[in-house]
Amino acid sequence: MYSIANPIRLVLADSSAIVRAGIKRLLSEMPEIKIVAECEDSASAIAAIRETHPDLVFTDFILGSGTAVDVLRAARAMQPRPISIVHTLQTDASTRAISYACGADVFYDKSRDLTPLLNMLRKLSQVMMNADALQAA
């Protein structure tokens, strides 16, 4: 059951340590979400997904020498399947289409204000906690 004591688990994948630190700082203000792994490339993100079975995968599209394609596919293969968010500067139509085709649930332009994305994460965490409470009842 999700709660502040049992938060939603998130794998964070971005090749930039600065970006990861910034996202981590923003998410630290959300006690209902816990980062269970930070990854800088697709191989480590896939390993983290398989090891931690996260509820959320938050990934850039470009991950070092690889892309989020394999990360999204690995997440999609999990049961239960985590929600996958692509947060990237590669916002062209083909990258968006590939992301959705490989399993992304949300595609967000990294150059934009993060407030709408953070608000969406807050709402998502409330929905997940409420759904979990209903299942327990």
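Owing to the predicted nature of the structure, the values given are computational and were not obtained by experimental measurement. (Residues numbered from 1 in each chain as written. Predicted model: local features only at pLDDT ≥ 70, side-chain atom pairs only at ≥ 80, totals over all residues. Heavy atoms only, no water.)

Throughout the structure, instances matching the rule amount to 7 salt bridges. A salt bridge links Lys 110 to Asp 14, with the shortest nitrogen-to-oxygen separation between them at 2.7 Å. One end of the pair, Lys 110, is in the loop between β7 (106-109) and α5 (115-136); the other, Asp 14, is in the loop between β1 (8-13) and α1 (17-27), with 96 residues separating them in the sequence. Neither residue differs from the other here; Lys 110 and Asp 14 are each classed as buried. Residues participating in the shared-partner salt-bridge network are Asp 14, Asp 60 and Lys 110. (Salt bridge = Lys/Arg side-chain N within 4 Å of Asp/Glu carboxyl O. Helix = DSSP H or I, 4+ residues; strand = E, 2+ residues; numbered from the N terminus. Buried < 20%, exposed > 50% of the residue type's maximum accessible area, 1.4 Å probe, protein only.)

Another aspect to go through is the nonpolar core. Side chains of a nonpolar character, in soluble globular proteins, are inclined to be buried together. Ranked by internal contacts, the top residues of the largest apolar core, which has 17 residues, are Leu 10, Leu 27, Ile 33, Leu 56, Phe 58 and Leu 121. Listed by contribution, the elements that provide at least two residues to this core are β1, α1, β3 (56-59) and α5. Setting aside residues up to four positions removed in sequence, Leu 27 forms contacts with Leu 10, Ile 33, Ile 35, Leu 118 and Leu 121. In terms of nonpolar packing, the next biggest core, distinct from the first, is built from 14 residues, Ala 37, Cys 39, Val 71 and Ala 75 among them. (Core = buried A, V, L, I, M, F, W, Y, C linked by side-chain atoms within 4.5 Å. Contact = heavy atoms within 4.5 Å.)

All right, on to the environment of Ser 44 then. Looking at the secondary structure, you find Ser 44 in helix α2 (residues 42-52). Linking Ser 44 and Ser 28, residues 16 residues apart in sequence, is a C-alpha distance of 22 Å. Side-chain polar atoms of Ser 44 contact the side chain of Asp 41, separated by 2.7 Å. (Polar contact = N/O pair within 3.5 Å; in protein donor to acceptor, adjacent residues only side chain to side chain.)

In terms of burial, strand β6 (residues 83-88) is largely enclosed, as 5 of its 6 residues are buried. As defined by bridge partners, β3 adjoins β6 across 4 bridges and the pair is classed as parallel. In the sheet register, Phe 58 faces β6, and the bridge partner there is Ile 85. As for the winding sense of the linkage, the β-α-β connection from β6 through helix α4 (residues 93-102) to β7 is right-handed. (Pairing = 2+ DSSP bridges. Right-handed = clockwise from strand over helix to strand, strands pointing away.)

Now for the confidence of the model for the protein chain. The predicted model of the protein chain has a mean per-residue pLDDT of 90, with 93% of residues at 70 or higher. Mean pLDDT in the protein chain bottoms out at α5, which sits at 80, and peaks at α4, which reaches 97. (pLDDT = per-residue confidence, 0-100.)

Further remarks concern the environment of Val 19. With respect to the helices and strands, Val 19 occurs in helix α1. Here Val 19 falls in the partly exposed class, since its relative accessible area comes to 24%. For the pair Val 19 and Lys 110, spaced 91 residues apart in sequence, the C-alpha separation works out to 9.8 Å. Ignoring sequence-local partners within four residues, the contact set of Val 19 consists of Asp 14 and Lys 110.

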